[in-house]
Amino acid sequence: MLLSLLLAPTMRVSAQTPPGNDPGSQKLFNMEMGPNRSIFRPSHDPARTANGLAKTPPMGWNSWNKFGCNIDEKTVRAVADAMAASGMRDAGYQYVVIDDCWQGKRDADGNILPDPAKFPSGIKALADYVHSKGLKFGIYSDAGSMTCGRRLGSQGHEYQDALAYARWGVDYLKYDWCYTGTRNSEEAYALMADALRSTGRDIVFSICDWGVSRPTMVDKSMPWEWGEKIGNLWRTTEDIYDAWAGRKGTSLGMVNILDLTEPLYAYAGPGHWNDPDMLEIGNGGMSDVEYHAQFSLWAMIAAPLIAGNDISQMSDATRAILLNRDVIAVDQDSLGHAGHRVRKDGDLEVWSRPLADGGRAVVLFNRSERPADITANWTDLGFPANVALKVRDLWAHKSLGSVTGHFTAKVAPHGVVMIRLGQ
Ligand code: GLA
């Protein structure tokens, strides 16, 4: 009742004011624009500030790619143990994130409770355990009435849920976009961002709006256009699945996701990153050569490095990929400039990323089915042709001396050669 009294005069004024003529009218509900249109663009609010977190892309682990809904506290504890014991924590992996399906019911006061069969000790105890390993703890919810796995969402409970997360010791929230009806995504994510900020706890906010339109969705959202001061990372596509290329349902293969994300490189920067979804390294659907490519290219585009395998049981080959500190250093470079493709000759590509020391990370990427020589020309990387640069091979972990003008290497099918160039 109070709400309708407050809104009524505003709506009348809006109906009489031609949109665009009066700057104030942008903030008013416009009946003709439809119910999903934003009344007020939170990203345009000059008073809004970023939360100051995730100055480099977040690194960690998430349960979804390997375990799906089959997740419980025992598994999460084993993963936290392995993060510490495998060297991943010391290499920079920080967040242990439980994805969908941890939720049970709400109590009589509306407080969200975990599924008692899967998380009998409660979320606070689990977060404490993860913290005791020198790691951070993340959780998942959804801006709709239900999560994508049909568990309870946070719509209408945003502040209550944010408070629960803060009390449990949550450091990272992945917030999904299923069952959102006619909600406007920018508003929905800004509301949860505000709820998280109001708790006073530092919580990295992962926007899981995939930037797509579906028949059931009124909103066609591009989170990279509004996410900078609302969250710390936003999905650029629908879900990844563990394949080199292709489409399975709404999910996409690795190179499909790479190609959709590449043109968005200018949107990324310290505190706000493009998220091409999680790593599939070690899940078995791609070859190790292809997993080298995923890790290298994700580092080139400054993607969050969120492992998605069972790290309590990984092979030496998987461990060697996830623990490549030279590649991790590229991903975590403090300049925060995402790289992109600078040359494409059919299936043979050169990618470049500017680094804080003035150098470049470079990937020679062979999408073809045959080994091929690929050349990176200094001029394609923004360097004069006559300058001599030191070359370091980031997978062979060795220095290749000083080179002038260009660098050529033979690259395996579906593989990469990744180097760092500098003075
Ligand atoms: C969506 C998200 C995935 C995962 C699932 C969980 O599909 O994009 O990353 O969180 O929901 O149900």
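Residues numbered from 1 in each chain as written. Predicted model: local features only at pLDDT ≥ 70, side-chain atom pairs only at ≥ 80, totals over all residues. Heavy atoms only, no water.

### Side note on the overall build of the protein
Here is step 1: Counting secondary structure elements, the protein contains 11 helices and 20 strands.
Here is step 2: Counting across all 423 residues of the protein, residues that qualify as buried make up 54%.
Here is step 3: Counted over contacts in the protein with a minimum sequence separation of 6, partners at least 24 positions apart contribute 68%.
Here is step 4: Surface exposure of the protein reaches about 17800 Å², of which carbon and sulfur atoms provide 53%. (Helix = DSSP H or I, 4+ residues; strand = E, 2+ residues; numbered from the N terminus. Buried < 20%, exposed > 50% of the residue type's maximum accessible area, 1.4 Å probe, protein only. Contact = heavy atoms within 4.5 Å. Areas by Shrake-Rupley, 256 points an atom, 1.4 Å probe, with all protein chains shown as cover.)

### Some details on the pairing of strand S18 (residues 398-404)
Here is step 1: As judged from the 5 bridges shared by strand S17 (residues 388-393) and S18, these two strands associate in the antiparallel manner. Of the residues in S18, the one forming a bridge with Arg392 is Ser399.
Here is step 2: The antiparallel pairing of S17 with S18 creates a hairpin that spans 4 residues between the two strands, and His397 there sits at a positive phi of about 55 degrees. (Pairing = 2+ DSSP bridges.)

### Concerning the side chain of Asp310
Here is step 1: Mapped onto the fold, Asp310 is located in the loop between strand S12 (305-307) and helix H10 (316-322).
Here is step 2: Buried charge Asp310 goes without a salt bridge, the closest partner of opposite sign being Lys66 at 5.8 Å.
Here is step 3: Of note is the side chain of Asp310, whose polar atom sits 2.6 Å from the side chain of Ser312. (Lys, Arg positive; Asp, Glu negative; His and termini not counted. Salt bridge = Lys/Arg side-chain N within 4 Å of Asp/Glu carboxyl O. Polar contact = N/O pair within 3.5 Å; in protein donor to acceptor, adjacent residues only side chain to side chain.)

### Focus on the packing of helix H6 (residues 158-168) against helix H7 (residues 185-198)
Here is step 1: Contact geometry of H6 with H7 gives a least axis separation of 8 Å together with a crossing angle of 40 degrees. For the element pair H6 / H7, the angle class is oblique. Considering only the axes of H6 and H7, their crossing is right-handed. For the pair H6 and H7, contact is made by Glu158, Tyr159, Asp161, Ala162 and Tyr165 and by Leu191, Met192, Asp194, Ala195, Leu196 and Ser198, respectively.
Here is step 2: Looking at the contact of H6 with H7 residue by residue, the classes come out as 7 nonpolar, 1 polar and 3 charged. (Axes fitted to C-alpha atoms, helices over the stretch in contact; angles between N-to-C directions. Parallel < 35°, antiparallel > 145°, perpendicular 65-115°, else oblique. Left-handed = near helix turned anticlockwise from the far one by under 90°. Nonpolar A, V, L, I, M, F, W, Y, C, P; charged D, E, K, R; others polar.)

### With respect to the site of the ligand
Here is step 1: Around the ligand, a shell composed of Trp64, Asp99, Asp100, Tyr140, Cys148, Gly149, Lys174, Asp176, Cys208, Trp210, Arg235 and Asp239 is seen.
Here is step 2: Between the ligand and Asp100, the relevant distance is 2.8 Å, taken from an oxygen atom to a side-chain nitrogen or oxygen of the residue.
Here is step 3: Here an oxygen atom of the ligand sits 2.7 Å away from a polar atom, N or O, in the side chain of Lys174.
Here is step 4: Within the complex, the protein chains bury 93% of what would otherwise be the 310 Å² of accessible surface of the ligand.
Here is step 5: Tallied by class, the residues present in the shell around the ligand amount to 5 nonpolar, 1 polar and 6 charged. (Near = heavy atom within 4 Å.)

### Focus on empty space enclosed by the protein
Here is step 1: For the structure on display, the rule yields 1 cavity of 30 Å³ or more.
Here is step 2: Its volume calculated, the largest cavity comes out at about 90 Å³.
Here is step 3: Asn62, Val97, Tyr172, Lys174, Ser206, Leu233, Arg235, Asp275, Asp277, Met278, Pro304 and Ile306 together form the lining of the largest cavity.
Here is step 4: At the level of elements, strand S6 (172-176) and strand S8 (233-235) are the ones that each hand at least two residues to the lining of the largest cavity.
Here is step 5: When its residues are assigned to classes, the lining of the largest cavity shows 6 nonpolar, 2 polar and 4 charged. (1 Å grid on protein atoms, 1.4 Å probe; cavity = no way out; pocket = protein on both sides within 12 Å on 5 of 7 lines; lining within 4 Å. Points joined across faces, edges and corners; volume = space filled by probe spheres on them.)

### With respect to the pattern of salt bridges
Here is step 1: Enumeration over the complete set of coordinates arrives at 23 salt bridges.
Here is step 2: For Asp90, the salt bridge is made with Arg89, and the minimal N-O distance between the two is 3.3 Å.
Here is step 3: For Arg89, a relative accessible area of 30% corresponds to the partly exposed category.
Here is step 4: Of the charged contacts in the structure, one is a salt bridge between Lys174 and Asp99, with a shortest N-O distance of 2.7 Å. Linking Lys174 in strand S6 with Asp99 in the loop between strand S2 (95-97) and strand S3 (103-106), this pair joins segments that are 75 residues apart in sequence.

### Looking at H7
Here is step 1: When the terminal C-alpha atoms of H7 are compared, their 20 Å separation across 14 residues agrees well with the 20 Å that a helix rising 1.5 Å per residue should span.
Here is step 2: Buried within H7 are the following residues: Ser185, Glu186, Ala188, Tyr189, Ala190, Met192, Ala193, Ala195 and Leu196.
Here is step 3: Against H6, S6 and strand S7 (204-208) lie the buried residues of H7.
Here is step 4: Where H7 begins, one side-chain oxygen reaches toward the backbone nitrogen of Glu186, 3.0 Å away; that side chain belongs to Asn184.
Here is step 5: Of the residues one or two after H7, Gly200 is the one with positive phi, at around 85 degrees. (Expected span 1.5 Å × (residues − 1).)

### Section: the sheet that holds strand S13 (residues 340-345)
Here is step 1: Across the sheet, which stays open at both edges, the 6 strands sit in the order S13-S14-S15-S20-S17-S18 with antiparallel pairing between neighbours. In this open sheet, the two edge strands, each paired with only one partner strand, are S13 and S18. Across this sheet, the average inter-strand angle for adjacent strands is 25 degrees, counted without regard to direction.

### Observations regarding the state of the cysteines
Here is step 1: Scanning the model with the defined rule gives 2 disulfides in all.
Here is step 2: Paired by a disulfide, Cys69 and Cys101 hold their sulfur atoms 1.8 Å apart. You can see Cys69 sitting in the loop between helix H2 (64-67) and helix H3 (73-85) and its partner Cys101 sitting in the loop between S2 and S3, a full 32 residues away along the chain.
Here is step 3: Cys69 sits in the partly exposed class, given a relative accessible area of 27%.
Here is step 4: Paired through a disulfide, Cys148 and Cys178 show a sulfur-sulfur distance of 2.1 Å. Across the S-S bond of Cys148 and Cys178 the torsion is about 100 degrees, and the bridge reads as right-handed. (Disulfide = S-S within 2.5 Å.)

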